[in-house]
Each structure stands twice: as structure tokens, then as C-alpha cells.
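# Architecture at a glance
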Amino acid sequence: MLSIALAGKPNAGKSTFYKAATMADVDVGNYPFTTIDANRGVSHVRTDCPCLDLEERCGDDNCRDGKRYVPVELIDVAGLVPGAHEGRGLGNQFLDELTNADVILNVVDASGGTDAEGEPVEVGTHDPVEDVHFVEEEMDLWLASIVDRNWESIERQSRSPDFDIDEALVNLLAGVGATELDVARTLRDLDYPEDPIAWEDEHREALASEIRRRTKPLVVVANKVDIAPEGNVERLREAADHVVPATADGELALRNAAKAGVVDYDPGDPDFEVVGDVSDQQREGLDRIREAMTEWGGTGVQGAMDTAVYDLLDRITAYPVQNESKWTDGQENVLPDAVLLRRGATPTDLAYAVHSDIGDGYIHAVDARKGMRISDETELAEGAVVKIVSDAN
């Protein structure tokens, strides 16, 4: 399961985002360090279900009339404050939690209503652009400190005649998710001394920054857009490559209302319908949420996770089945499973994603949409429905 971590300073709305995205019972408060111990839960990314090409919808629990929700892990940890990489606040605890995350959602208070420490201030007082750069810098310095602490080992290894800096750095950085390809591409893009003993702090910091960018890409969630001063979101978009306007409060209210049968709403929808009795005060609140959704195309909570997984991580969704004619498993469930794969993945990759034994016993694959056998090297597309034939079946 892919892992998405929520980063940001205290009181930016991370816990509200987490609660809205998972419907888990967590503390939400208007004070710094509401979250002490990391919360881990299951949320979902949204895509079109292949059942839209069938006469009837698949009926899977994670499919709502053709809207397919694919499980991902969501992590909410303690907020960052300046100096977190040195252990200030709960910084070390937070940053260590990031080691296994595939992508980071940097939740920023777009309203400017909290200062650098997360303390409430008058809306518009604080510049939210500072929070974008601050999180990146803290993460880079945290990773640089890991590199620095272990550099003496790299220097010792370099004295060996068969020393390979790529291999040494892969071993050093594997714990933060760096692959051989990440290290190779990073070194190709950097200027550095051939002898590790000659490396300066600036070389190690440049290495850390580039590795962080490759292994922990960031999506900025411009939260609290419903109260943000005009122009703040546009400035955030100028400061970062991937910015999603959001109202986590609005999403949480809609999910609670949908659970109570008051509104008809699926996560990621651009609008909702009131279907139950509401008070004047509740209707006024829903109208405010609708205004924000109309302006920004939704609440942004689902959109942020979709952007992180499908855009930044460039994943596709594939659907393994046992019956290529009915698109079912052995119990006649239609499209029971959805698997997130890297773009360019093959049927063999899908087989291993289902189970290592299925991959080890892989024989061939069938494109269920076309009803024909496909090459082991075929690159699967978004929405691929595939039967894997394996001697482990």
C-alpha cells in the first residue's frame, strides 16, 4: 500500500485533513501539537472504475456508481516548527516518521491565520509562502544531517580499491527510500569531488536536497481557502509546482453530513445535494462550503491525494481478475481488487503486486478488455483489467 504523509507546521489543519480523509476518531484542536503520536489510517485515491464499461456497476464496496476508491495509507504526525531537524518541538519524531512515506502533502494555512510556530494570529497576518519553503528546508536539513552523521563511514569505504560511491550511497540512503536509480540520477546532476574525503557540507547538503526531492516529492495543500485573503492561493501557486486549494473543515462537514444522510456526496465530487432536513444554520454552513467548492472545484482533500499519487508518483490502477470474460474472481465478485502500479508496469509487475508466489509462478497474461493474450513486456494502461495465469493459482 502506498503511503502518504501529512507535513506542515502545527495548527495548519493536518489533523482535520486526516480525519476527513479517513473518518478516524482523532483529536482536532486550535492549538499547537494537537497530534503527539502519529496517526496512521487508510484513505483512498479516486479514479474511474472499469465497471463503467459494463452494463451494470460492479457493486464493490470501494466503487460508488463507477467512482473507484483505491486504498492508500495516510499518516498524520506532529507539526514542524523552525529547527525541527535539530529536534526542536517534536521534530525528530515527525521527520523519522517520513522515512517510509512515498509522497508528502504539505498542509499550509492559506489564510495566514497562524504564525511560524502554529500560534493563532489575525487572518492575513502571516505569509503562507514562508511555510512552503520552511517545510522543504527542514526536510532537506534533516536528510543532510543523516548523510553527515554517516559520512565518516563513506570516507572509510573510499579507501578500498573497489569502492563504488553509487553503491555506498544506496546503502546509506536506502532507509529513506532511495533506489539505485535515484542515486545514479542525483549524482549525474551534481558537481562533486571524486574523493569523498574532499566533500564539503555544501556537497552533502546538495545531495540530500536532491535525494529528498526524488524520494519525498511534495504537494502543497492550500488549506482554509474558504477564509483565505484574495491572492494568497495564487501566490502559493507561484511558489510551488503542485498546489491544491482545500478546505479540510468543509470536507469533514460533508462527510459527516453524508454519513448522517443529510447530503448526497462522494469524496472528490465538485458539488453535493441536500437530501435531508437541515436547520437554517446548517444550510448557511453548507452554502459556504458550496461557495468554496464552486470557486476551487471541490473541497480539495480528495484532489490533493489524487494529485500526489496519480500525478506526482505517476501511478496507474490495474485490476487483476480470474475470469477474463466476466471480470470476476473465484467467488464471482466483479472487479474485486485494484492495484496501484508505476506507469510502465507490465503484467509481470502486476503478478508480483498481487502476491510474490503469483509472480514467481507467472506463465502469461490476458487482456480482459480485448479477450486476448498479451506480451509479458506490455505496458499496462490506467484501468487495465488483466487475468494472470500462474502455476501458483
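So, a few notes on the structure that sits alongside this text. (Residues numbered from 1 in each chain as written. Predicted model: local features only at pLDDT ≥ 70, side-chain atom pairs only at ≥ 80, totals over all residues. Heavy atoms only, no water.)

Turning to its location among the elements, threonine 114 is positioned in the loop between β5 (103-109) and α3 (129-149). Given a relative accessible area of 2%, threonine 114 falls into the buried group. At 2.7 Å, the side chain of threonine 114 forms a polar contact with the side chain of aspartate 109. Apart from the residues lying within four places of it in its own chain, the contact partners of threonine 114 are Lys9, Asn11, Asp109, Glu119, Pro120, Val121, His126 and Lys224. (Helix = DSSP H or I, 4+ residues; strand = E, 2+ residues; numbered from the N terminus. Buried < 20%, exposed > 50% of the residue type's maximum accessible area, 1.4 Å probe, protein only. Polar contact = N/O pair within 3.5 Å; in protein donor to acceptor, adjacent residues only side chain to side chain. Contact = heavy atoms within 4.5 Å.)

We now examine the packing of aromatic side chains. Under the criterion given, the structure shown has two aromatic pairs. Where tryptophan 151 meets tryptophan 199, the ring centres are 4.7 Å apart and the plane angle is 35 degrees; that geometry is what we call tilted. Pair noted here: tryptophan 151 is in helix α4 (residues 151-157) and tryptophan 199 is in the loop between α6 (180-189) and α7 (201-215), with a separation of 48 residues, a long-range link. The buried category is assigned to tryptophan 199, whose relative accessible area is 3%. Their ring planes at 50 degrees and their centres at 5.3 Å tell us that tyrosine 192 and tryptophan 199 sit as a pair that is tilted. Grouping aromatic residues by their ring pairs yields a cluster made of Trp151, Tyr192 and Trp199. Above the plane of the ring of tyrosine 69 lies arginine 64, whose end atom (NZ or CZ) is 5.1 Å from the centre. The ring of phenylalanine 272 carries the charged tip of arginine 290 above its face, separated from the ring centre by 4.1 Å. (Phe/Tyr/Trp six-rings, centres within 6.5 Å; stacked < 30°, edge-to-face > 60°. Lys NZ or Arg CZ within 6 Å of the ring centre and 35° of its normal.)

Moving on, we get to unusual backbone geometry. A positive phi is found at lysine 224, a non-glycine position, where the angle reads about 65 degrees. Backbone geometry places tryptophan 327, a non-glycine residue, at a positive phi of 60 degrees. Looking at the secondary structure, you find tryptophan 327 in the loop between β10 (315-321) and β11 (339-342). According to the relative accessible area criterion, tryptophan 327 is buried, its value standing at 7%.

Counted under the stated rule, the structure contains 24 salt bridges. With a shortest N-O distance of 3.1 Å, glutamate 73 and arginine 40 are connected by a salt bridge. Taken as a pair, glutamate 73 in strand β4 (residues 67-76) and arginine 40 in strand β2 (residues 39-48) lie far apart in primary sequence, 33 residues in all. Judged by its relative accessible area of 44%, arginine 40 is partly exposed. Aspartate 140 is paired through a salt bridge with arginine 212; the nearest N and O atoms lie 2.8 Å apart. Taken as a pair, aspartate 140 in helix α3 and arginine 212 in helix α7 lie far apart in primary sequence, 72 residues in all. Judged by its relative accessible area of 8%, arginine 212 falls in the buried class. Shared partners join several salt bridges into a network, and the residues in it are Arg46, Arg64, Lys67, Asp266 and Asp269. (Salt bridge = Lys/Arg side-chain N within 4 Å of Asp/Glu carboxyl O.)

Of note, valine 72 is situated in strand β4. For valine 72, the contacting residues outside a window of four places in its chain are Met1, Leu2, Ile4, Gly41, Val42, Ser43, His44, Val45 and Leu340.

What follows is about the sheet that holds strand β12 (residues 362-367). In space, the five strands of this open sheet follow the order β11-β10-β14-β12-β13, with mixed pairing throughout. Edge positions in the sheet fall to β11 and β13 (372-374), since each of these pairs with one other strand and no more. Within this sheet the neighbouring strands show an average axis-to-axis angle of 45 degrees, counted without direction. Most of the contacts of helix α11 (residues 301-312) go to β10, to which it runs at about 85 degrees, and overall it touches β10 and β11. Packed on one face of the sheet, helix α12 (residues 347-354) meets β10, β11, β12, β13 and β14 (384-390) and runs near 135 degrees to β11. (Pairing = 2+ DSSP bridges. Axes fitted to C-alpha atoms, helices over the stretch in contact; angles between N-to-C directions.)

A separate point is the environment of aspartate 109. Within the secondary structure, aspartate 109 sits in strand β5. Each C-alpha atom of the pair aspartate 109 and alanine 228 lies 8.4 Å from the other, and the pair is 119 residues apart in sequence. When residues no more than four places from it in sequence are discounted, the contact partners of aspartate 109 are Ala12, Thr114, Pro128, Asn223 and Lys224. Of the polar contacts made by the side chain of aspartate 109, one reaches the side chain of serine 111; its length is 2.6 Å.

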